[in-house]
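What follows is the residue order along each chain.
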Amino acid sequence: MSHSYFTPLPDREIVSEGKRYLHFSGTSYLGMGSQPEFRQVLIDSILKHGPNHGSSRNSNVQLPIYDTFEAHFAAGSGAEAAALLSSGFMAGQLALNTLRPLVDLTWTAPDTHPAITYESQQQSDLSHQQWQKRCIAKSKKLLGQKVLLLSNAVNPLIPEIHDFEWTKKLSPANKYYLLVDDSHAFGVLGKGLFGTYAQWKNLPVELMVCGSLGKALALPAGIILGSQPLIDKVRENAVYRTSSPPAPAFLNAFLEGQDIYQSQQQKLSKNLHYMLSAVSQLEEFKMLPQYPVISFAPEHWVDKLHEKGFALSSFPYPFPASPPVNRIILSAWHLPTDLEALVGAIGEIINC
């Protein structure tokens, strides 16, 4: 069964109801929240910029940190331009609503996050690969249509990383837009800290990437990446112009903490390598070499590992009545001894 943990501070260890657990849940893939140097940079940034800036982006009082961050992130990702929002969900919806008037048809991948889908869309039973083949087949029956493709960069539940090279097989008789949600890719997949935009920008599609920066990068913000004309359309939208932007201190901490982020990426890479060597031969687990999520089927393992002091990711998704998704989430905050203890506990469960 799933377990709930109520703790004042998510860290590599959490305390819930008086008991300590090693924390293998959440989305803090780089463990930035528990990194002392990053915390200090953030504190200094609050002293520099204040705790928040509640004015809209079109206010007559401007903070240059926003333009600086957008330019830096765009350059790092390989995009022409970027637009910051206060959340990943807002960024996704604004990206979707920017592209929606430009197209005739919208084709949505089966595991796409609600941030970039329409509320009325139903869940699909197709795999991502089956959806790709269906898109290619449908494209060959169309002429002169504008088609929007919606997809996550990664399905963090299975886990599965999506490849969009297949779009080269779409019929050239139509124009295609591709919107990718990089929420679970920023800081983990793609180019440096900047996600997958650079991987897909030369495909035969008009590309836009969006997502939350609040997972691996630990920034309470969302971002949209794209060509200059598309981002200009985003910036003309009332949502972008009138909504409060992210807290500037976090953006400054990102810009000044690049070396810290890169160090955390190296730690995560080592943790991934260790766990892959430990569980890759076990058929009960699914793990990818470059992604910090391990899924497993035996639901009673959640209870067994909970009893042994491990807090795993296990809760119904995406709906309250959905079955629990059971995963081990790796982070840069995990020490080698944490991983050794986890592997030892897994071995005891399997062999008992």
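Residue positions are given per chain, counted from 1 along the sequence in the order it is written. Local features in this predicted model are restricted to residues whose pLDDT is 70 or higher, and side-chain atom pairs enter the listing and the counts only when it is 80 or higher, whereas totals over whole chains, interfaces and linings include all residues. Side-chain numbers come from the whole structure's heavy atoms, not from hydrogens or water.

So, on to the overall build of the protein chain. Helical segments are the DSSP runs of H or I of at least four residues, strand segments are the runs of E of at least two, and each set is numbered from the N terminus. The number of helices and strands found in the protein chain is 11 helices and 14 strands. This radius of gyration counts C-alpha atoms alone. The globule rule is 2.2 Å times how many residues there are, raised to the power 0.38. For a compact globule of 352 residues, the expected C-alpha radius of gyration is about 20 Å, and the protein chain comes in at 21 Å, within 12% of that figure. Of all 352 residues assigned to the protein chain, the portion counted as buried reaches 53%. Residue contacts are defined here by distance: any two heavy atoms, one from each residue, within 4.5 Å place the two residues in contact. Sequence-distant contacts, at least 24 apart, represent 74% of the contacts inside the protein chain between residues at least 6 apart. His is not counted here, nor are the chain ends, while Lys and Arg score as positive and Asp and Glu score as negative. Where a charge sits is defined by one atom per residue type, namely NZ (Lys), CZ (Arg), CG (Asp) or CD (Glu). Placing the 28 positive and 30 negative side-chain charges of the protein chain at their respective mean positions leaves the two points 6 Å apart. Each residue gets one of three labels from its accessible area relative to the maximum for its type: buried under 20%, exposed over 50%, partly exposed in between, using a 1.4 Å probe on protein chains only.

Before going further, it helps to spend a moment on the sheet that holds strand 13 (residues 310-316). Should DSSP find at least two bridges between two strands, the strands are regarded as paired. Taken in spatial order, the 6 strands line up as 1-2-13-14-12-11 in an open sheet, and their pairing is mixed. The sheet is open, and its two borders are formed by strand 1 (13-16) and strand 11 (285-287), each paired with just one other strand. The mean angle between the axes of side-by-side strands here comes to 40 degrees, regardless of whether they run parallel or antiparallel. Of the strand pairs in this sheet, strand 13 and strand 14 (residues 324-329) are connected by 4 bridges, and their pairing is antiparallel. For helices, the fitted line uses only the C-alpha atoms of the stretch in contact; every axis is such a line through C-alpha atoms, and the angle between N-to-C directions lies from 0 to 180 degrees.

Turning to the packing of helix 2 (residues 64-77) against helix 8 (residues 248-256), a few remarks are in order. Between helix 2 and helix 8, the least distance of the axes is 10 Å, while the angle of their chain directions is 40 degrees. Between helix 2 and helix 8, the angle is such that the two are oblique. Note that helix 2 runs across helix 8; the crossing there is left-handed. In contact with Ile65, Tyr66, Thr68, Phe69, His72 and Phe73 of helix 2, helix 8 contributes Pro248, Leu251, Asn252, Phe254 and Leu255. By residue class, the composition of the contact of helix 2 with helix 8 is 8 nonpolar, 3 polar and no charged. Roughly parallel refers to an angle under 35 degrees, roughly antiparallel to one over 145, roughly perpendicular to one between 65 and 115, and oblique to any angle outside these ranges. In a left-handed crossing the near helix is turned counterclockwise from the far helix by less than a right angle, and in a right-handed crossing that turn is clockwise. Under the grouping applied here, Gly and all other residues not named as nonpolar or charged are polar, the nonpolar ones being Ala, Val, Leu, Ile, Met, Phe, Trp, Tyr, Cys and Pro and the charged ones Asp, Glu, Lys and Arg.

Take the layout of surface pockets next. Cavities and pockets were defined on a 1 Å grid built over protein atoms only: a cavity is a set of grid points that admits a 1.4 Å probe from which the probe cannot escape, a pocket is an open set flanked by protein on both sides within 12 Å along at least five of seven lines, and lining residues are those with an atom within 4 Å of any such point. Grid points are joined across faces, edges and corners, and a volume is the space filled by probe spheres set on the points. Taken as a whole, the largest pocket encloses approximately 710 Å³ of empty space. Looking at the largest pocket, it is lined by 36 residues, and the ones nearest its centre are Asp111, Asn155, Pro156, Leu157 and Tyr317. Of all the elements in the fold, those that place two or more residues in the lining of the largest pocket are helix 3 (88-99), helix 4 (128-139), strand 6 (154-155), strand 13 and strand 14.

Evaluated as defined, the whole model comprises 1 cavity of 30 Å³ or more. In this structure, the largest cavity spans a volume of roughly 30 Å³. Surrounding the largest cavity, His53, Ser55, Ser56, Arg57, Val61, Gln62, Leu63, Tyr66 and Pro245 form its lining. Across the lining of the largest cavity, the residue classes tally to 4 nonpolar, 4 polar and 1 charged.

Where a domain begins and ends is set by an automatic assignment or by a domain database. Looking at the assigned domains, one finds that the protein chain contains domain 1 (13-36 + 257-351) and domain 2 (53-246). Computed from C-alpha atoms alone, the centre-to-centre distance between domain 1 and domain 2 is 28 Å. In this complex, domain 1 contributes 19 residues to the contact, which on the side of domain 2 involves 22 residues. Taking both partners together, domain 1 and domain 2 bury about 1,800 Å²; carbon and sulfur atoms supply 64% of that area. Joining two parts hides part of their accessible area as seen by a 1.4 Å probe, and the buried area is that hidden amount summed over both. Area buried by domain 1 at its contact with domain 2 is led by Tyr29, Tyr261 and Tyr291, which between them contribute 27% of it. One speaks of a salt bridge when a side-chain nitrogen belonging to Lys or Arg is within 4 Å of a carboxyl oxygen belonging to Asp or Glu. On the surface where domain 1 and domain 2 come into contact, there are 0 salt bridges. By the criterion applied in these results, polar contacts are pairs of N or O atoms within 3.5 Å in which, for protein atoms, one can donate a hydrogen and the other can accept it, and in which residues neighboring in sequence qualify only through two side-chain atoms. Seen at the junction of domain 1 and domain 2, the total is 8 residue pairs in polar contact (both at pLDDT 80 or more).

Another point: the side chain of Ser314. Of note, Ser314 is situated in strand 13. Accessibility expressed as a relative area gives 5% for Ser314, which makes it buried. Polar contacts involving the side chain of Ser314 include one to the side chain of Asn326, which spans 2.6 Å.

Glancing now at the UniProt feature "domain: Aminotransferase class I/classII large" (unreviewed entry) in the protein chain. UniProt positions are given in the numbering used here, feature names are shortened, and annotations may be inferred rather than shown by experiment. When the UniProt feature table is mapped onto this chain, "domain: Aminotransferase class I/classII large" (unreviewed entry) is found at residues 142-343. As annotated, residues 142-343 has a helix share of 32% and a strand share of 25%, and its two end C-alpha atoms lie 52 Å apart.

This next bit is on the packing of helix 3 against helix 6 (residues 228-236). Angle between the axes and distance between the axes are the two parameters that describe a pair of packed helices. Here helix 3 crosses helix 6 at 110 degrees, and the two axes come no closer than 10 Å. On the basis of the axis angle, helix 3 is roughly perpendicular to helix 6. Of the two elements, helix 3 crosses helix 6, and the hand of that crossing is right-handed. The segment helix 3 lies against helix 6, with Leu94, Thr98 and Leu99 engaging Leu230, Lys233 and Val234. The residue inventory of the contact of helix 3 with helix 6, partitioned by class, reads 4 nonpolar, 1 polar and 1 charged.

A separate point is unusual backbone geometry. Cis rather than trans, the peptide bond between Ile158 and Pro159 has omega equal to -5 degrees. Its place among the elements puts Pro159 in the loop between strand 6 and strand 7 (160-161). We note that Glu17 has phi near 55 degrees; this positive angle belongs to a residue other than glycine. Not every positive phi belongs to a glycine, and Ala218 is a case in point at roughly 60 degrees. The residue Ala218 is located in the loop between strand 9 (206-212) and strand 10 (222-226) in this model.

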